Amino acid sequence: MSQPQAAVGAAVPRVDARLRVTGRAKYAADNNPDGVVHAVIVDSSVGKGRITGIDTRAALVETGVLTVINHLNAPELPPRQGGFPPGEPLRAFQDDRIRFFGQPVAVVVATTLETAQHAASLVKVSYDAQPPSTDMSVADPAGEPETYARGDADGALDSAAVRLETTYRTARNHHNAMEPAGVVARWEGDRLTVWEKTQNVVGAVRTLAGEFGIPPGNVRIISPFIGGAFGNAARTWVHSVIAAMAAREVKRPVKLALTRRQLYFGVGYRPAYEYALRLGSNRRGRLTASAHDVRAETSSYETYSEDVLAAGRMLYSTPNVRQVYRHVPLDVNTPTFMRGPGYSSGAFTVESAMDELAHELGLDPIELRLRNEPADDESIRLPFSTRRLRDCYRVGAREFGWERRRPKPRSTREGDWLIGMGMAAGVYDTARSQSQASVRLDADGTALLQSATSDMGPGTATSMTQLAADALGLPMRRVSFRLGDSRMPPAAGHFGSQTMASVGSSVQDGCDKVRGQAITLAIADEGSPLHGVDPADVVVRGGRLHVKDNPVRGETYQRLLARNDRTHLEALGTYAGASESEKFSFYAYAATFAEVAVDARLGLVRVRRMVGVYDAARIINPRLADSQAIGAMVGGIGQALLEHTVTDHRDGRIVNANFADYLVPTHADIPELKAIYIEGEDFEADPIGVKGLGEVVLVGVAPAIANAVFNATGRRVRELPITPEALL
C-alpha cells in the first residue's frame, strides 16, 4: 500500500547545506589528484579567418612549462561515430580555421597555474583575418526554416476585426553562474577519469568517449557538486576535451578552469531573437489568428534550436496559426540552453502582445487571457493532463492586489515616480526521461541510494532523500542519497526541469521494491510478528514495519534482517520516461505579477514587488521550491532590465565579458518576492505526481515587468533589456 507521508511536502533544509557553506563540498576544480599540473587556454584574437603561424618558443623555455599544444602538434582525434547533425561541434586543435572570437587556438600546460598563465601570454599567433558576421540584424538566414501551421492564419488576419502587428527583440544573455567551468582529467592507460562541472554525467561520458574513440566504459565522470549553471553545463564543451588531450600528452593529471572572461565564448549563452508577431481578434477579444516569424542567432558551424514558438501554439485558443523559425548563422560560438530556454524568450513576445491587445480592446489583461483559455492543446489535439492557469490568475490577482491597478497608463504617481502593475502567463514543457537509481537498505536500518544525476542548485539530494525516506518509512537522517558519478546507475540529464520526475520516479520504484522485499520477508518469517499478515495491511513508519490498524504488532527493519541473517536488501529502481504515444499534453504553468516604479525624469526602472503563482503539481519541498521561484524572479529582473551581451561587430569581440560591465541584479535590485503553489498532483505525467518547476518559474517574469512599465509610463518597450534611454 502507499506509505504515510512525513518528509515529502516538508520545508526541510538541504541535506548538504553544511558541506556547501563550510567549504567542504568539492567542486570540479577543487580536485587535486597526485601529480596534477595546470592548463591555460590561448584564445583567438580575431573573429574569423585562419591561423598562419604560432610561435611557442618563448613559452616553452619558461621553467615549469611542460608543453604547448596547438593544431600543428595536437594528436589527431578519430572520426566521430554516428555524426552530430545538424552541424558539427567544435573539435580541439584539429585545423587552422577560426570560427569565432575567443576560440581556443592553443593550450599551455605547466607545473603551476601562474606559470601556465604567464606562458600563455607569451604565445604569439598570427592570422589571415576576415571580417566576421556577428550582427543578426543584417545577416541572412540559412537552411530550411522550421514551420508550423493550422487553419488559414493569413486569411483570418486579413478579415480580423482587430489586428496587432509588432516586432520584439531580446538580447543575448550569458549565464554567469557562480562556479566557472572547470575540469580535471587523468588517464590511467586507456581509461579516463574526469572531474567536470556537468549537468549531464551520462552525456559527458558519451561525448568524451566519442572524441577519443574509446569505449564509454573506459570513461568515468565525477561531478557531485555544481556551483550554479543555468544550462551552460548541460553539454560537454571543447575545453574538457582539451584538458583530457593535454593529460594524455603530458601523462599527468591536468586541471583547466576557464576565466570569467572565457566563459563568454566558451560555454554558450541564450541566443538573441527577433520575433515578429501578428495577432487578430474579434471585438470581444477572442483570438482568431496569429502569425509568428522568428529569427534566431546560431553559430556558423553548428545549428542550435530551442522551442521559442511553443507558447504561441498552445497557450491560448487560436484556430488559425502560422509559425516560421529561421536560423541566422553567425561567426560566433554556439548558443545553448539558458534557464527557461526558448519559452522565456517566446513568452516576452506573446505575453507583451496580449497586454497590447488588452489595452487596445479596453479589457483587463487577465480577462483577455481568460476569454482565450483553450479546452485542450490545440497544437497536438490532446487534453491537458492538468491546467490550473485560471487558478494561478485568481490566486495571484488576490494576493497581489490586482484590483488596485489603474488601467490608464501614467495614472498612478508617487512624487517623481510613476507606478505601474503588469502580469504575464508562463508555460513550460513537462519533460521526463529514462532514469535509474540503486537502493540499498542495510541491516543497521540505514538506506543508501545512488544515481548518476546532478545538482546545480535545486537540491536534488534533499528532495530525493525526502522521497526515499517516505517510501521506505525511514527518518530522513537514516537515508543517504549520492549522485554525480558515472559509475552509478544512469540518469536523465539535469536540465529541462526533468530531474524530479525522472530520477524521482526511479527512486520511488527502487524504494517500493525494497520495502516490498522487507514485507515479503516478514510475512513469510514464522518468527516475525507480521507472519501471515496480508501484505496490503503492512505499513512502515520510523523504520518499523507494522499492521496499519495495529501499530503494536510489528518490528524494525534491523530485527527482521538480523533474524534472517541478511546484511541488506537492495533493488534497482527504473523509470522508462515519457511514453512514445502520449495521451495528454503535459505542461507546468505560471502567472507572474509585478509592480514597478519608473523615475519620470531619469527613466530608471525599479521593481517594487512581485508575486508568482505556479501550477507545478506536487511540491516535494516548499523551501527548495521557493529557492527556485525567487531565484528565477531575480533572473527575470536581470533579463528584463539589465542583462545584455554587447559585441563589437568589427572583430566579434564581446566587450562586456566581465561582472563590471555585464550587469546582473544585486541585493539592492531585489524587492519583495513571493511564490505560491497551486495544490495538486499529476499522476498522468509520472508515478510521483510532479511537474518540473525550475524552468517555468522564469517564464513570464520579463514580460510581466515590461507590461508593468507600460502601465506606469504609457511607453511600450519591445526590446530587452529595457533601458532608461528607451523610456526618455
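Data block above holds the structure.
What this report covers is the structure whose coordinates are included nearby. This is a predicted model, so every value here is computed, not measured. (Residues numbered from 1 in each chain as written. Predicted model: local features only at pLDDT ≥ 70, side-chain atom pairs only at ≥ 80, totals over all residues. Heavy atoms only, no water.)

Moving on, we get to the environment of Ile380. With respect to the secondary-structure elements, Ile380 resides in the loop between helix H10 (365–371) and helix H11 (389–400). Here the alpha-carbon distance between Ile380 and Gly280, two residues 100 residues apart in the chain, equals 22 Å. (Helix = DSSP H or I, 4+ residues; strand = E, 2+ residues; numbered from the N terminus.)

Another aspect to go through is unusual backbone geometry. In this chain, Leu720 is followed by Pro721 through a cis amide linkage whose omega measures 0 degrees. Mapped onto the elements, Pro721 comes out in the loop between strand E30 (719–720) and helix H17 (724–727). Positive phi outside glycine occurs at Phe230, with the angle close to 60 degrees. In this structure, Phe230 sits in the loop between strand E11 (219–222) and helix H6 (238–250).

What follows covers the sheet that holds strand E3 (residues 65–70). Strands sit in the order E3-E5-E1-E12-E9-E10-E11 across an open sheet of 7 strands; the sheet is mixed. At either end of the open sheet lies a strand with only one pairing partner, and these are E3 and E11. The average undirected angle you get between the axes of adjacent strands in this sheet is 20 degrees. Examined bridge by bridge, E3 and strand E5 (residues 104–110) share 5 bridges and lie antiparallel to one another. Residue pairing across strands places Thr67 opposite Val109, the latter belonging to E5. On top of the sheet, helix H5 (residues 201–212) reaches strand E9 (182–188), strand E10 (191–196) and E11; it is set at about 140 degrees to E11, its chief contact. Against the sheet, H6 makes contact with strand E1 (37–43), E3, E5, E9, E10 and strand E12 (254–257), and its axis sits at roughly 35 degrees relative to E9, the strand it touches most. (Pairing = 2+ DSSP bridges. Axes fitted to C-alpha atoms, helices over the stretch in contact; angles between N-to-C directions. Contact = heavy atoms within 4.5 Å.)

Moving on to the packing of aromatic side chains. By the definition in use, this model includes 15 aromatic pairs. Their ring planes at 55 degrees and their centres at 5.9 Å tell us that Tyr27 and Phe225 sit as a pair that is tilted. On the criterion of sequence distance, the pair formed by Tyr27 in the loop between helix H1 (17–21) and E1 and Phe225 in the loop between E11 and H6 is long-range, its members being 198 residues apart. Owing to a relative accessible area of 13%, Phe225 belongs among the buried residues under this scheme. Where Phe337 meets Phe495, the ring centres are 5.8 Å apart and the plane angle is 10 degrees; that geometry is what we call stacked. Highlighted residues: Phe337 in the loop between strand E15 (320–330) and helix H9 (343–361) and Phe495 in the loop between strand E20 (479–483) and helix H13 (499–524), separated in sequence by 158 residues. (Phe/Tyr/Trp six-rings, centres within 6.5 Å; stacked < 30°, edge-to-face > 60°. Buried < 20%, exposed > 50% of the residue type's maximum accessible area, 1.4 Å probe, protein only.)

A few words on helix H12 (residues 460–472). Taking 1.5 Å of rise per residue, 13 residues should cover 18 Å, and H12 covers 18 Å from first to last C-alpha, within 8% of that figure. Counting buried positions over the 13 residues of H12 gives 13, a clear majority of the element. Looking one or two residues beyond H12, the residue adopting positive phi is Gly473, at roughly 70 degrees. (Expected span 1.5 Å × (residues − 1).)

Here we come to the sheet that holds strand E22 (residues 544–547). Overall, antiparallel pairing links the 3 strands, which are arranged E21-E22-E23 in an open sheet. Every interior strand has two partners, whereas the edge strands, strand E21 (538–541) and strand E23 (550–556), have only one. Across the sheet, the mean angle separating the axes of adjacent strands is 35 degrees when strand polarity is ignored.

This part covers the pattern of salt bridges. Scanning the model with the defined rule gives 45 salt bridges in all. We note a salt bridge from Arg20 to Asp16, for which the minimum N-O separation is 3.3 Å. You can call Arg20 partly exposed: its relative accessible area is 22%. The exposure class of Asp16 is buried, given its relative accessible area of 9%. One salt bridge in this structure joins Glu373 and Arg387, with 2.5 Å as the shortest N-O distance. On the criterion of sequence distance, the pair formed by Glu373 in the loop between H10 and H11 and Arg387 in the loop between H10 and H11 is long-range, its members being 14 residues apart. According to the relative accessible area criterion, Glu373 is buried, its value standing at 14%. (Salt bridge = Lys/Arg side-chain N within 4 Å of Asp/Glu carboxyl O.)

Turning our eyes to something else, we now look at the pairing of strand E19 (residues 447–451). Regular strands show a simple pattern: their side chains alternate between the two faces of the sheet. With 4 of its 5 residues buried, E19 lies for the most part within the structure. Pairing of strand E18 (residues 435–442) with E19, which is carried by 4 bridges, proceeds in the antiparallel orientation. Of the residues in E19, the one forming a bridge with Leu441 is Ala447. Linking E18 to E19, which pair antiparallel, is a turn of 4 residues; within it Gly445 sits at a positive phi near 85 degrees. With 5 bridges connecting them, E19 and E20 associate as parallel partners. Bridging from a neighbouring strand, Gln450 pairs with Arg482 of E20.

Turning to its location among the elements, Lys255 is positioned in strand E12. With relative accessibility at 11%, the residue Lys255 sits in the buried group. In sequence terms Lys255 and Asp30 are 225 residues apart; their C-alpha atoms lie 9.4 Å from each other. Residue contacts for Lys255: discarding those within four places in its chain leaves Ala29, Asn31, Asn32, Val36, Val37, His38, Ala39, Val183 and Val184. A polar contact is formed between the side chain of Lys255 and the backbone oxygen of Ala29, at a distance of 2.8 Å. A distance of 3.4 Å separates the side chain of Lys255 from the backbone oxygen of Asn31, its partner in a polar contact. (Polar contact = N/O pair within 3.5 Å; in protein donor to acceptor, adjacent residues only side chain to side chain.)

Right, let's get into the nonpolar core. Phe593, Val596, Met610, Tyr614 and Ile705 are the most contacted members of the largest nonpolar core, which has 91 residues in total. In this view, Tyr614 contacts Cys392, Tyr589, Ala590, Ala629, Met633, Ala675, Ile676, Tyr677, Ile678, Leu693 and Val697; residues no more than four positions away in its chain are not counted. In terms of nonpolar packing, the next biggest core, distinct from the first, is built from 46 residues, Val205, Ala209, Val250 and Val267 among them. (Core = buried A, V, L, I, M, F, W, Y, C linked by side-chain atoms within 4.5 Å.)

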